[in-house]
Amino acid sequence: MTIYADEDLGDGFFKVVFNFLPAVIIAMLFTEMMPPAGIFGFVLCLVSAVLGYIVLWYISFIVQTLAFWLFNV
């Protein structure tokens, strides 16, 4: 299970660096998007993003496990 988590984490980090961050920078330049008001808001945003990723990974793992068992029966 940890091997899959490590691969997904690496893939997710790559997507954040090369897909998400450039999009956020462009959005901040051309729209009125504002950064968090303080460091506490920024930390809460990061914690929320990490917890959301963990929930998404577990849902994906459960669906893949169920698909394996249901297709083999």
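Look above for the structure.
Reading guide: rules and limits
Residues numbered from 1 in each chain as written. Predicted model: local features only at pLDDT ≥ 70, side-chain atom pairs only at ≥ 80, totals over all residues. Heavy atoms only, no water. Helix = DSSP H or I, 4+ residues; strand = E, 2+ residues; numbered from the N terminus. Rg over C-alpha atoms; globule rule 2.2 N^0.38 Å. Buried < 20%, exposed > 50% of the residue type's maximum accessible area, 1.4 Å probe, protein only. Areas by Shrake-Rupley, 256 points an atom, 1.4 Å probe, with all protein chains shown as cover. Phe/Tyr/Trp six-rings, centres within 6.5 Å; stacked < 30°, edge-to-face > 60°.

Engineer: I'm lost on the overall build of the protein in this one. Help?
Structural biologist: Helix and strand counts for the protein come out as 2 helices and 0 strands. Relative to its length of 73 residues, the protein is extended, with a C-alpha radius of gyration of 17 Å against a globular reference of 11 Å. Judged by the C-alpha coordinates and their principal axes, the protein covers about 55 × 25 × 20 Å. For the protein, the proportion of its 73 residues judged to be buried stands at 3%. Total accessible area on the protein stands at roughly 6,600 Å², and carbon and sulfur atoms take up 79% of it.

Engineer: Would you mind going over the packing of aromatic side chains with me for this structure?
Structural biologist: For any pair of aromatic rings, the description rests on two quantities: the centre-to-centre distance and the angle between the ring planes. By the definition in use, this model includes 3 aromatic pairs. Their ring planes at 45 degrees and their centres at 4.8 Å tell us that Phe-14 and Phe-18 sit as a pair that is tilted. Of this pair, Phe-14 and Phe-18 both sit in helix 1 (residues 2-30), 4 residues apart, which is roughly one turn of the helix. Their ring planes at 10 degrees and their centres at 5.4 Å tell us that Trp-57 and Phe-61 sit as a pair that is stacked. Residue Trp-57 and its partner Phe-61 are both found in helix 2 (residues 39-72); the two are separated by 4 residues, about one turn of the helix. Joined through ring pairs, the aromatic side chains of Trp-57, Tyr-58 and Phe-61 make up one cluster.

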